[in-house]
Amino acid sequence: MLTPRNKQPIKVGILEISAQNKALLKFFFSDSGKSYFKEVNADQASCFIIDYDSPGAKESWETTFKESQKPGIIISIKEVDLPSTIWVAKPLSVKALMDASITIKDIIDTENSIKETIITPIEKELEENHGEIAEEVTQHETTPLETEIDIVEVDNIEEKNEAVEAVEAVEAVEAVEAVEAVEAVEAVEQESIQETITAEYQIEDGEIVENIIETIKEKPELVLAGTSEAASSTSFAVSSDQIDVNHGLRAPDLFLDDKGISSTTPIDKTEIDKGSKNEGDEIDSLLESLISEEKTDSSLPVKLFKSEAPEKNHNVVEITPKITLEDFDLVQETVATELKNDVQSNEEETEKYNDDKETIDESVTKVFEANDSTDAIDTLINDLQTNANIINNPKGKNGLTSSKPSKKSAEDELQNLLEEIRHEANEPSSKSRVQRKTYLPTMADERWKLICGENKKKHNLQSLCTITPHEYILSSLLETIKQTKETNTVSRVKFKDIIVVIDPSTDSVYCNESIFSDYYATICHAPISKNDIKIHQLDESEIRLYRNKIEARDENAHLIESFIWTTSLVTYRGYLPIATDINKKVGLKYWPNLTRLENMPHSIQIAAVFHKCSKSLSEITNELDIPKKYIIAFYNAALSLGLIEQDERKHLSASKNTDDKPKNRGFFSRILQKLGA
Amino acid sequence: MINLKTEAFSHVSYKNWAHNMVNNRQHKKILFTGPVGVGKTTAIQTMSDVDVITTDEDASDMTKKRKSQTTVTMDYGYMNIGEKERIHLYGTPGQERFDFMWDILKNGALGLVLLIDNSRKNPQQDLKFYTESFKDFIASGELVIGITKADENTNPTIDDYRQWLTKLSINAPIFSIDSREKTDVSSLIQALLYSMDPGVAA
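Residues numbered from 1 in each chain as written. Chains lettered and ligands numbered in written order. Predicted model: local features only at pLDDT ≥ 70, side-chain atom pairs only at ≥ 80, totals over all residues. Heavy atoms only, no water.

1. Points about the overall build of chain B
Working step 1: The number of helices and strands found in chain B is seven helices and 10 strands.
Working step 2: Looking at chain B residue by residue over its 202 residues, the buried ones come to 63%.
Working step 3: Within chain B, residue pairs in contact and separated by at least 24 positions form 71% of the contacts whose partners lie at least 6 positions apart.
Working step 4: For chain B, the computed accessible surface area is about 7,600 Å², with 44% contributed by carbon and sulfur atoms. (Helix = DSSP H or I, 4+ residues; strand = E, 2+ residues; numbered from the N terminus. Buried < 20%, exposed > 50% of the residue type's maximum accessible area, 1.4 Å probe, protein only. Contact = heavy atoms within 4.5 Å. Areas by Shrake-Rupley, 256 points an atom, 1.4 Å probe, with all protein chains shown as cover.)

Below you can see the structure in the form of structure tokens.
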């Protein structure tokens, strides 16, 4: 870095410049650049500094240079080559300014020496002439003019003093701001990523803190609170570099945009400092009381925040928590011990839980299985008697101890309970005792009969009935769906009194009739004439109508895949499509999205078999211990979805022999039982 | 949910501690993985018979935009199978800076459950990243894929995911799931087990 050759700072005047850069320069001039530059008024300056990217800077420089012929330091993003100027690139740096000072000093010295050698004799002559003229003028001027001039000069001095005081006050404030700006920049540089919450306030100068407190009191959810100790030490959860306030609460940018325009203007920091000292404690106490509350984004007004708030409270300041080595060892031991204890205690608890669960399950199962409600009641009574024995036995299964009712009173209670149950048994059974699930086994069985057909255990596949798909509504629906996907249009299919609207853009189908109803199943399973089917494309108004229904998640709106799956099941109802080769090896291109399709038994296992094994229908139905109807139903539905791979060469998965018994089969079987498969 | 306030470990400490934990249960485990906030911890909680042991900490980086806490080591739960058997459920941390845990956790796993968040900006990229990260494991083991938040965000569709998997030469079961729904997560695990052994009967 160059050092100044002499210790006299260069008198510099600041021309067009943004507020941020001005603050930077003033800070520089007051601190490390003290010996390099001294800011003065334009008429006293030896050189100028100008931000060439500011609006009007170009014209301003041209005018100034024309009048003063003094060199300048041009600050801009792009290099500028002008006579008697030095270009300093943005962003400003201390080193660049110091180097510029050396160079500009050379230019000033050079120009001064030129003036002395060439210009001085001319000036002397002019001065002499001017002096003669001046003497002539003064002889003829009257006294009042001179007095007037004197009075004007005095006024100017007072004004000047006032102006200087004002400038010094502002400079002091701006110097403080500049310091904060530098610190803010350093903080930003150190953090790799900092998500900020910005606030837009339209407030008057000097009322910032009061308004913030009032807002927090009204809407405590606006406060960011940390969960660690460091959060409480932060005097204000919204740190100074994270709120974007039009009146400059945010630190000014040190790196300007291309135009050097900043949206913030400096504020009178002294007034804020006065307020913050008194209000800071109040804010701390308020924040502490709000730290544990969890707020959601939805409670935050859009007006106050620019970007999304985090879902939960978090510590803005602290980045990573720290732990000592001792704490880590302690944690490790705690974890291991906890796990061990958990396993042991959990084993005991789960044993007890399993026992209780078994008891409950047995009771429930028996209630479901019992055809006669009286049997169910008797079962329940037996269970209660068993439990009563446990209660009466202080050292029973549940480890109950002495503080229990006497034997006699327990028996009385049991008798009362049994009487109540018998009384209830004589009344008509309420539905609520039996219906605990949406699908009772009996209802599910009926539904599966509807979609998969009757049990065809005794029949081999070849003797199964077949249907001609083209005679049913399913084929028209599949064609229409294919067409709408290709043309990206919305189509409406009407058959009988059933209307189906297919919208491929939202991957959805709307049907005015529930596709899970018996009526829909009946319509689909009955042959239909082509004349009964009407298909047409919807116009914009009709599309809007149906899309509203679809978007409202109407119960009659379905995913296209789900619609085809169910429609196929109820259409085929366990029959095979005509001309199906049951001995041809087939595979599965992709798994159906089974979690969003109508449930049928063994669908996951059947999908795995079709996917993993390249086998024919007859082989699969013979080898798997699954009713044929489910395998056929799955095959039909997958075929309608286009998921069956007929070409053996295209089977992606390697063929696996399902007869091989891999290890862990027993364990897998038990897991599947646990999962309810 | 048991939350161990395990403050930030050093990289080596994490590895050692997790390795000790995992080695005690090398077999009969299923690994859940996926990006941050996809629902791994929730899925394990849904299936576990006991309170899940988590190692959540306050998120400090971009993660906190999605959730305030994130798994820093792993999640652990289990399902009791009978009186003496157990299937262990492990969840990997989602953030890539904890990916050293993935290698530790996948050792001895029966299969991998990959969860993809359909509401993220680039689910295709997530799919590619995780299938690449667990490439060796997928080649030798089994993979199932669960797409979360697909009910609210219908794009991309399941068909899109199927096409992407085809490009990656992977053919795995792929379902739309809700991590909070036991039937959905159960279907994923069933698909995983049946993929390993199609002939197994419940």
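2. Concerning the confidence of the model for chain B
Residues and elements named next belong to chain B.
Working step 1: This prediction gives chain B a mean pLDDT of 80; 73% of its residues lie at or above 70.
Working step 2: Mean pLDDT values over the elements of chain B span from 46, in strand 1 (residues 2–3), up to 96, in strand 10 (residues 174–177).
Working step 3: Low pLDDT (under 50) marks residues 1–9, which in the prediction has 37 contacts with non-local residues, meaning those over four places away or in another chain.
Working step 4: Overall fold confidence (pTM) sits at 0.50, and the ipTM for the predicted complex is 0.83. (pLDDT = per-residue confidence, 0-100.)

3. Observations regarding helix 13 (residues 473–487) of chain A
In an α-helix, one turn spans 3.6 residues, which is why side chains three or four residues apart end up on the same side.
Residues and elements named next belong to chain A.
Working step 1: Under the 1.5 Å per step criterion, the end-to-end length of helix 13 is 21 Å for 15 residues, consistent within 8% with the ideal 21 Å.
Working step 2: Residues Ile473, Leu474, Ser475, Ser476, Leu477, Thr480, Ile481 and Thr484 constitute the buried set of helix 13.
Working step 3: Contact partners of the buried residues in helix 13: strand 7 (491–495), strand 8 (498–503), helix 14 (518–525), strand 10 (533–537), helix 16 (560–572) and helix 19 (628–640).
Working step 4: The positive-phi residue at the C-terminal boundary of helix 13 is Asn488, with phi of around 55 degrees. (Expected span 1.5 Å × (residues − 1).)

4. Some details on the sheet that holds strand 8 of chain A
One key point about sheets: their strands pair by backbone hydrogen bonds, in either a parallel or an antiparallel sense.
Residue and element names in this part refer to chain A.
Working step 1: The antiparallel open sheet is built from five strands, whose spatial order is 10-7-8-9-11. Each end of this open sheet is capped by a strand with a single partner; those strands are strand 10 and strand 11 (557–559). Across the sheet, the axes of successive neighbouring strands diverge by a mean angle of 20 degrees, strand direction being ignored.
Working step 2: Strand direction decides the pairing type here: strand 7 and strand 10, joined by five bridges, are antiparallel. Counted as the bridge partner of Phe495 is Ile533 from strand 10.
Working step 3: This element, helix 16, spans strand 8, strand 9 (508–511) and strand 11 of the sheet and lies at about 95 degrees to strand 11. (Pairing = 2+ DSSP bridges. Axes fitted to C-alpha atoms, helices over the stretch in contact; angles between N-to-C directions.)

5. Overview of helix 7 (residues 182–196) of chain B
Working step 1: The end-to-end C-alpha separation of helix 7 of chain B is 21 Å, in line with the 21 Å expected for 15 residues at 1.5 Å each.
Working step 2: Judged by how many residues are buried, helix 7 of chain B sits mostly within the fold: 13 of 15 residues are covered.

6. Topic: the side chain of Thr41 of chain B
Working step 1: Mapped onto the elements, Thr41 of chain B comes out in helix 2 (residues 40–47).
Working step 2: Reaching out from Thr41 of chain B, the side chain makes a polar contact with the side chain of Asp75 of chain B at a distance of 2.5 Å. (Polar contact = N/O pair within 3.5 Å; in protein donor to acceptor, adjacent residues only side chain to side chain.)

7. Brief notes about the nonpolar core
Working step 1: Judged by nonpolar contacts, the single largest core of 88 residues is most densely connected at Phe495, Val500, Phe610 and Phe634 of chain A.
Working step 2: Grouped together as the second largest cluster of nonpolar side chains are 32 residues, Leu127, Ile138, Trp164 and Ile170 of chain B included. (Core = buried A, V, L, I, M, F, W, Y, C linked by side-chain atoms within 4.5 Å.)

8. Let's talk about the pattern of salt bridges
Working step 1: Per the stated rule, a full pass over the model turns up 20 salt bridges over all chains.
Working step 2: Put simply, Glu598 of chain A and Arg447 of chain A hold a salt bridge, and the shortest N to O gap is 2.6 Å. Here Glu598 of chain A is found in the loop between strand 13 (585–588) and helix 17 (603–612), whereas its partner Arg447 of chain A is found in helix 12 (residues 441–452), with 151 residues between them in sequence. Of the two residues, Glu598 of chain A and Arg447 of chain A, neither departs from the other in class, the shared state being buried.
Working step 3: The partner of Arg180 of chain B in a salt bridge is Asp178 of chain B, and the shortest N-O contact between them spans 2.9 Å.
Working step 4: Using a relative accessible area of 61% as the deciding quantity, one classes Arg180 of chain B as exposed.
Working step 5: Salt bridges here are not isolated pairs; linked through shared partners, they connect Asp51, Asp53 and Lys90 of chain A. (Salt bridge = Lys/Arg side-chain N within 4 Å of Asp/Glu carboxyl O.)

9. Some remarks on the sheet that holds strand 3 (residues 47–51) of chain A
Residues and elements named next belong to chain A.
Working step 1: On the basis of which strands lie adjacent, the open sheet formed by five strands has the order 2-1-3-4-5 and parallel pairing. The open sheet terminates on both sides in strands that have one partner only, identified here as strand 2 (37–39) and strand 5 (85–89). Along the sheet, successive strands turn relative to each other by an average axial angle of 30 degrees, direction set aside.
Working step 2: Pairing geometry for strand 1 (residues 10–14) and strand 2, over three bridges, is parallel.

10. Let's talk about the confidence of the model for chain A
All names here are of chain A.
Working step 1: The predicted model of chain A has a mean per-residue pLDDT of 68, with 48% of residues at 70 or higher.
Working step 2: Averaged pLDDT values over the elements of chain A bottom out at 41 in helix 6 (residues 229–233) and peak at 95 in helix 16.
Working step 3: Predicted confidence for residues 137–154 stays below pLDDT 50, and this span has zero contacts to residues more than four positions away or in other chains.
Working step 4: When the criterion is pLDDT under 50, residues 394–406 qualifies, and its contacts beyond four places in sequence or with other chains add up to 10 contacts.

11. A closer look at the packing of aromatic side chains
The relative placement of two aromatic rings is captured by the distance of their centres and the angle of their planes.
All names here are of chain A.
Working step 1: In the structure shown here, the tally under the stated rule is 14 aromatic pairs over all chains.
Working step 2: Relative to Phe563, the ring of Tyr520 has its centre 6.5 Å away and its plane inclined at 55 degrees; by these criteria the two rings are tilted. Here Tyr520, found in helix 14, pairs with Phe563, found in helix 16; they are 43 residues apart in sequence, far enough to count as distant.
Working step 3: Tyr520 gets classed as buried once you look at its relative accessible area, which sits at 0%. (Phe/Tyr/Trp six-rings, centres within 6.5 Å; stacked < 30°, edge-to-face > 60°.)

12. A short note on the pairing of strand 8 of chain A
Look at any regular strand and the pattern is simple: side chains alternate between the two faces of the sheet.
All names here are of chain A.
Working step 1: Burial of strand 8 is extensive: six of the six residues sit out of reach of the surface.
Working step 2: Burial along strand 8 is two-sided: Ile498, Val500 and Ile502 facing one way and Ile499, Val501 and Asp503 facing the other are all buried.
Working step 3: Where strand 7 meets strand 8, five bridges bridge the pair, whose relative direction is antiparallel. Counterpart to Ser491 in the pairing with strand 8 is Ile502.

13. Some words on unusual backbone geometry
Working step 1: A cis geometry characterises the amide bond from Asn155 of chain B onward to Pro156 of chain B, with omega recorded as -5 degrees.
Working step 2: Of note, the phi angle at Arg573 of chain A is positive, near 50 degrees, even though the residue is not glycine.
Working step 3: Inspection of the secondary structure assignment puts Arg573 of chain A in the loop between helix 16 and strand 12 (576–577).
Working step 4: Residue class for Arg573 of chain A comes out partly exposed when judged on its relative accessible area of 22%.
Working step 5: The phi dihedral of Ala579 of chain A is positive, around 70 degrees, even though this residue is not glycine.

14. Some details on the packing of helix 14 of chain A against helix 16 of chain A
Residue and element names in this part refer to chain A.
Working step 1: Across the interface, helix 14 lies against helix 16 with an axial gap of 8 Å and an inter-helix angle of 70 degrees. What the angle tells us is that helix 14 and helix 16 run roughly perpendicular. The handedness of the crossing between helix 14 and helix 16 is right-handed. Together, Tyr520, Ala521, Cys524 and His525 of helix 14 and Phe563, Thr567, Val570, Thr571 and Tyr572 of helix 16 make up the contact between the two elements. (Parallel < 35°, antiparallel > 145°, perpendicular 65-115°, else oblique. Left-handed = near helix turned anticlockwise from the far one by under 90°.)

15. Remarks on the state of the cysteines
All names here are of chain A.
Working step 1: A complete count under the given rule lists zero disulfides over all chains for this structure.
Working step 2: In this structure Cys511 is not part of a disulfide, and its nearest cysteine sulfur, from Cys524, lies 8.0 Å away.
Working step 3: The class of Cys511 is buried, set by a relative accessible area of 0%. (Disulfide = S-S within 2.5 Å.)

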